[in-house]
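# Analysis of the macromolecular model
Below are the chains, spelled out letter by letter.
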Amino acid sequence: MLIKDEGRRREATTERTRACFKHRQGCGNALSTCFVIFLIALMTTSEFSDAKQLEKRILQRGCKLEGLHPLLIVTYKNITVSVDKITVPHGERVMVRCRELGKYKLIGDPSLHCRNATWNGKLPSCVPTTAISNYTGDPEDVPPTIVFGLPAGSAAIEPTGTLAVFPGSILHLECLFARRLGNPEWTWTSTFRQYLTGWAIAAKERDWKYRLSIYYAKVQDSGVYTCSTPRGLANSIRVHVVDVQCPVINLPEGPLIDKIEGARMGHSANFECPLGYRLEGASMITCQYNGEQLILIMFKAKFRCEQW
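This is a predicted model, so every value here is computed, not measured.

One open sheet accounts for 3 strands, arranged 19-20-22; its pairing is antiparallel. Every interior strand has two partners, whereas the edge strands, strand 19 (257–260) and strand 22 (284–286), have only one. Taking each pair of neighbouring strands and ignoring which way they run, the sheet shows an average axis angle of 10°. Across 3 bridges, the pairing between strand 20 (residues 268–272) and strand 22 is antiparallel. Residue pairing for strand 22: Ser 268 is matched across the bridge by Thr 286.

See below:
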């Protein structure tokens, strides 16, 4: 009823305004009076539009994610949770990834957009890879596991499952596959340079780790890196090279013992107290990266030692 009444009033006021300007009749031939009527028409139109938008928002419904696999991690409004169901309002987005990067392959979309009770994207699930399935099935029938190592530098995992790597880092991507079954193949989307690939040299690793190395990572190395088995089964990791640093931690003087790795993304700081004191605050914090809004998250707490 609100929308209909506003519509009738808007039409009547607008029609009178047109007649007033055209004939200068019904307004006492006063142009100023016509102008006042014109302003009223504009205000009525604005009110009508606002009411219509409000009704539209009320009628549009939120979305539910139910029966989520326990290995799925959901991030909503910069908060990461592990739940079996979640409901979000219309117009909002959630990010989804598998719990162990590279050990499970994400099937579906890592970013879901709620549009009036319907998700705009394919609902995700996690598929086990060789490192998980070797004990229950033929390793030739599952995609390969990808694990990463950082001999130098730091990294963090974004809400979508992308591996954020600090510039200058040395990154090894290990494709886990039985060498006796043939050689897997690494491919990548970056056109910046060619990358060294091959079986690991160490005796304990050379029969099951097929490596790709990125030395002194640069922004141009960002892209998708895919390992494919001889039978065509594949798994991928998206790499995002980005410079992210957290604020410097201000620590009080006193008995607090700290070990701070640094302020770069992926760096951690550990805190403890000597005998006879208890720690107030977290014992460890990590500089993280949130890919959705490029927000740095540093757990802010008061770190101090209190006597028992």
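More follows now that the structure is in view.
This part covers the pairing of strand 2 (residues 72–76). Of all 5 residues in strand 2, 5 are buried; the element is thus mostly enclosed. Every second residue of strand 2 is oriented toward a common face, with Leu 72, Val 74 and Tyr 76 on one face and Ile 73 and Thr 75 on the other, all of them buried. As paired elements, strand 2 and strand 3 (residues 79–81) share 3 bridges and run antiparallel to each other. Bridging across to strand 3, Thr 75 finds its partner in Thr 80. Counting the residues in the hairpin turn of strand 2 and strand 3 gives 2 residues, including Lys 77, whose phi is positive at 55°.

In terms of nonpolar packing, the biggest core is built from 20 residues, with Trp 186 and Tyr 225 touching the most fellow members. Elements that contribute at least two residues to this core include exactly strand 12 (163–165), strand 13 (170–176), strand 16 (209–214), strand 17 (223–228) and strand 18 (234–241).

Pairing is mixed across the open sheet formed by 5 strands, whose spatial order is 11-12-18-17-14. If you trace the sheet from one side to the other, it starts and ends with strand 11 (155–157) and strand 14 (185–188), each paired once. Here the strands of the sheet are splayed against their neighbours by 25° on average, with no regard to which way each runs. In this structure, strand 12 lies alongside strand 18, joined through 3 bridges in parallel fashion.

Conventions and cut-offs
- Residues numbered from 1 in each chain as written.
- Predicted model: local features only at pLDDT ≥ 70, side-chain atom pairs only at ≥ 80, totals over all residues.
- Heavy atoms only, no water.
- Pairing = 2+ DSSP bridges.
- Helix = DSSP H or I, 4+ residues; strand = E, 2+ residues; numbered from the N terminus.
- Axes fitted to C-alpha atoms, helices over the stretch in contact; angles between N-to-C directions.
- Buried < 20%, exposed > 50% of the residue type's maximum accessible area, 1.4 Å probe, protein only.
- Core = buried A, V, L, I, M, F, W, Y, C linked by side-chain atoms within 4.5 Å.

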